[in-house]
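Structural overview for review
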Amino acid sequence: MAPSFHWWGKDDYRGTSVVVKMENPNWSISEMSSPSGDGNEYDVAGGGGREFAGVGARKGGRGKNAKQITWVLLVKAHRAAGCLTSLASAAVGLASAVRRRVAAGRTDSDSASSPPGESPVLRTRFYSCIKLFLWLSVLLLGFEVAAYLKGWHLGTTELQRLLVMPASFGASGLFETLYAEWVQLRSEYIAPPLQFLANTCVILFLIQSADRLILCLGCFWIRFKKIQPVPMQAVAKDPESGGDDFPMVLVQIPMCNEKEVYQQSIAAVCNLDWPRSNILIQVLDDSDDPMTRTMIEEEVEKWQQNGAHIVYRHRVLREGYKAGNLKSAMNCGYVKDYEFVAIFDADFQPSPDFLKQTIPHFKENEELGLVQARWAFVNKGENLLTRLQNINLCFHFEVEQQVNGVYLNFFGFNGTAGVWRIKALEDAGGWLERTTVEDMDIAVRAHLKGWKFIFLNDVECLCELPESYEAYRKQQHRWHSGPMQLFRLCLPDIVRSKIGFWKKSNLILLFFLLRKLILPFYSFTLFCIILPMTMFIPEAELPAWVVCYVPATMSFLSILPAPRSFPFIVPYLLFENTMSVTKFSAMISGLFQLGSAYEWVVTKKSGRSSEGDLFSLVKKEPKQQRVASVPDLETVAKVESQLKKESKQKHNRIYRKELALAFLLLTASLRSLLSAQGMHFYFLLFQGISFLLVGLDLIGEQIV
């Protein structure tokens, strides 16, 4: 009998055909055909395809045979064993890291690991308050468990009887009396103020959420309408042509003991595509390490020999930190010959056409004072900490900076990767050393003088993210204490300025109060203090939409500018709440001038950026080549030796505040089980685990 043909052109054949691909470590059954000859084929693709094509649809009346089922079960068992092995390996590694951390006994009580500007007295008192809440929660948990075992649930008839009936004698009667008094105390005196505070924080939370939603809508409209700043006239392609297309530009690279990145940043700036007669590069070195200072000076000399117009400046006294460094450089006599100044931190590597993409926006726009470029990160996928930072900063640049730049012509200067009109800097009063956020300070003062800003979302400048939690924690403390210092200082100037009412309102209410003060306040108070307390004082409530739905929506909006990071949306939400402890402490320090609030600490760099990373973001003509300076072998040996010594001094630490809050939240999650609050339980559980991981320094760089 001739074989039949199906409509897709495949022969119908008899016999059992099993093809097994042995791909280590996974097995994959690519095709199975039934022996009936009725075309009932089973496709088992091990890489994520369909497991069965037409399972249960028996055309000829015959189903799967035993051999096929056996192979499928073997594949499933192999995959399950692989998952279990991976989980077991991760658990063993985590337990080993925790054991090493606890055995080392290094905590954040060490002053060297404390964030700059954090008062030791404030740190101790803050930690003591958290410990007090923790011990109270443990005591109340034991109290509530005992009451639960006796059947005294909130609203039950037994509990109502306790409140009105006299207690019996003995230990049991004493416990009944104490519990009844506690219930009455919390319902009449503790719950009302706690509920009021919770409602206040919820209102602030909703206001901040509305602000974030409006920013996202503004960003969507910018994308939909393709709104972007367009220069009046494009710069000439040939740098040697000179003329008005290439004004005099001063480039400044402030640095301090940054031996890991100085060579790459100097090389990138020296390769800027600009006439050498119209550009001067200042390397502003505040290093107090003699070896680092010598290496940077030698690097500058090498570029001078290659024809670069570059000078080296070193200050013996580091007064005013970065602001003092920039102020000192601007006092040089030759600065008057230059019209613009571009600033790059030591880990930033601008593309060769950076000035060609930014300077043209100043032409025929005399009111423009600043052009800010976006940051791009070479190590955003290094670890979980850098991935979460990337989400935060992508939202900051693409949404906050871009929307404020388009609609308000104002945003906070990021301190680097920007070009200033020198006249605007002088009109605003120049660099001041009064805060640790000198970049935001100069931007606010220039805005009060009427200067406009432009943000270029399509112009990127490579840089690094801090890879260790200690470095990130110090950076965030400075970024959140400085704005509160500045707000106290510049509030009278804002009120007296001649800018419009709406611009004043934006500066005071949105720029400072809502985004710099209210955000860390409610984030810490609502989710780290009030929420766990409502578990022990159930008369005060937080609805599920406050705990879950609104935060999830805000996290979804925050992650939209970085869509590839969508799998990290839950860790991002939990980590932002975890960082609220540091941000809240920093905000209080800056607002009330507690501790050494004006100390400026350089964020540690790893030096991961490279020429290859730079080329990935730069589209250049094939004939255009970058020149790099190669240090001698002796210098390389010195650097490697010093880095090895410093790496031995680096340690992962235990952060006590985060650990105390972790146990507080985990205790509250156990209490929520007694009242069967599922949503609250899961949030408290995962938030407690997040605090636990951060408190044990298991996020970010791990030093073995």
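Residues numbered from 1 in each chain as written. Predicted model: local features only at pLDDT ≥ 70, side-chain atom pairs only at ≥ 80, totals over all residues. Heavy atoms only, no water.

Another point: the overall build of the protein. When helices and strands are tallied, the protein shows 19 helices and ten strands. When contacts within the protein are restricted to residue pairs at least 6 apart in sequence, those whose partners lie at least 24 apart make up 78%. Looking at the protein as shown, the accessible area adds up to about 33,600 Å², and 60% of this sits on carbon and sulfur atoms. (Helix = DSSP H or I, 4+ residues; strand = E, 2+ residues; numbered from the N terminus. Contact = heavy atoms within 4.5 Å. Areas by Shrake-Rupley, 256 points an atom, 1.4 Å probe, with all protein chains shown as cover.)

Right, let's talk about the UniProt feature "transmembrane region" (unreviewed entry) in the protein for a bit. Here, the residues flagged by UniProt with the feature "transmembrane region" (unreviewed entry) are residues 132-150, 202-222, 507-536 and 654-674. Note that residues 202-222 is 100% helix and 0% strand, and that its end C-alpha atoms are spaced 30 Å apart. Segment residues 654-674 splits into 90% helix and 0% strand. End C-alpha atoms: 31 Å apart. (UniProt positions renumbered as here; feature names shortened; annotations may be inferred.)

Okay, the sheet that holds strand β4 (residues 249-255) next. Taking strand neighbours across the sheet as the criterion, the seven strands line up as β6-β5-β4-β7-β9-β8-β10 in an open arrangement whose pairing is mixed. Pairing within the sheet leaves two strands with one partner each, and these edge strands are β6 (310-314) and β10 (452-463). Here the strands of the sheet are splayed against their neighbours by 20° on average, with no regard to which way each runs. By the bridge criterion, nine bridges tie strand β8 (residues 368-377) to β10 in an arrangement that is parallel. The residue bridging W375 from the neighbouring strand is C461, located in β10. (Pairing = 2+ DSSP bridges. Axes fitted to C-alpha atoms, helices over the stretch in contact; angles between N-to-C directions.)

Further remarks concern the side chain of Q389. When you line up the elements, Q389 lands in helix α9 (residues 384-407). Its relative accessible area of 3% is what places Q389 among the buried residues. Beyond its immediate chain neighbours, meaning those up to four positions away, Q389 contacts L465, P466, Y472 and Q475. (Buried < 20%, exposed > 50% of the residue type's maximum accessible area, 1.4 Å probe, protein only.)

Take the packing of aromatic side chains next. Each aromatic ring pair is summarised here by two numbers: the centre-to-centre distance and the angle between the ring planes. Counted under the stated rule, the structure contains 26 aromatic pairs. Both rings, one in F413 and one in W420, keep their centres 5.6 Å apart while their planes meet at 85°; by these two values the pair is edge-to-face. Residue classification places W420 among the buried residues on the basis of a relative accessible area of 0%. Three or more aromatic residues joined by ring pairs form one cluster here, namely F348, W375, F397, F410, F411, F413, W420, F453, F455, F487, F511 and F512. (Phe/Tyr/Trp six-rings, centres within 6.5 Å; stacked < 30°, edge-to-face > 60°.)

Glancing now at the pairing of β6. Relative to β6, strand β5 (residues 279-285) runs parallel, the two sharing five bridges. From the neighbouring strand, I281 faces β6, where its bridge partner is I310. Following the chain from β5 across helix α6 (residues 290-305) to the adjacent parallel β6, one finds a crossover that is right-handed. (Right-handed = clockwise from strand over helix to strand, strands pointing away.)

Another point: the environment of Q357. Its location among the elements puts Q357 in helix α8 (residues 354-358). The partly exposed category is assigned to Q357, whose relative accessible area is 30%. Along the sequence, Q357 and V371 sit 14 residues apart, while their C-alpha atoms lie 9.9 Å from each other. When neighbours within four sequence positions are excluded, Q357 is seen to be in contact with S351, L456 and V459.

Here we take up the packing of helix α12 (residues 469-496) against helix α13 (residues 501-536). Direction vectors running N to C along α12 and α13 enclose 165°, while the axes themselves pass 11 Å from each other. Taken as axis vectors, α12 and α13 run roughly antiparallel relative to one another. At the point where α12 passes α13, the crossing takes the left-handed sense. Residue-level inspection shows P483, M484, L486, F487, C490, L491, I494 and V495 of α12 in contact with α13, the latter providing K504, L507, I508, F512, L513, K516 and L517. For the contact of α12 with α13, the class distribution of residues is 13 nonpolar, no polar and two charged. (Parallel < 35°, antiparallel > 145°, perpendicular 65-115°, else oblique. Left-handed = near helix turned anticlockwise from the far one by under 90°. Nonpolar A, V, L, I, M, F, W, Y, C, P; charged D, E, K, R; others polar.)

Bringing unusual backbone geometry into the picture now. At K226, a residue that is not glycine, the phi angle is positive and equals roughly 55°. Positive phi values are uncommon outside glycine, yet E364 reaches one of about 55°. Positionally, E364 belongs in the loop between α8 and β8. With relative accessibility at 62%, the residue E364 sits in the exposed group.

Here we come to the nonpolar core. By size, the foremost hydrophobic cluster in this structure holds 86 residues, and its most contacted members are I266, L355, W420 and F512. The residues touching F512, leaving out its near neighbours within four places in the chain, are M440, V444, P483, M484, L486, F487, C490, I494, L507 and L517. Core analysis: the next-biggest nonpolar cluster, separate from the first, contains 57 residues, Y179, C201, V202 and L661 among them. (Core = buried A, V, L, I, M, F, W, Y, C linked by side-chain atoms within 4.5 Å.)

Right, let's get into a nonpolar patch on the surface. Together, F220, W221, F224, I227, Y407 and L408 make up a nonpolar patch on the protein surface, roughly 610 Å² of accessible area in all. By residue number, the principal contributor to the nonpolar patch is helix α4 (residues 170-225), which donates three residues. By the secondary structure assignment, F224 is in helix α4. Of the residues examined, F224 reaches a relative accessible area of 54% and is grouped as exposed. (Patch = residues over 30% accessible without salt bridge, like charges linked within 9 Å, V, L, I, M, F, W, Y side chains within 5 Å. Salt bridge = Lys/Arg side-chain N within 4 Å of Asp/Glu carboxyl O.)

The next thing to look at is the environment of G450. Locating G450 in the fold gives a position in the loop between α11 (438-448) and β10. Looking at G450, the relative accessible area reads 42%, which means it is partly exposed. Measuring from C-alpha to C-alpha, the distance between G450 and I499 comes to 7.0 Å, with 49 residues separating the pair along the chain.

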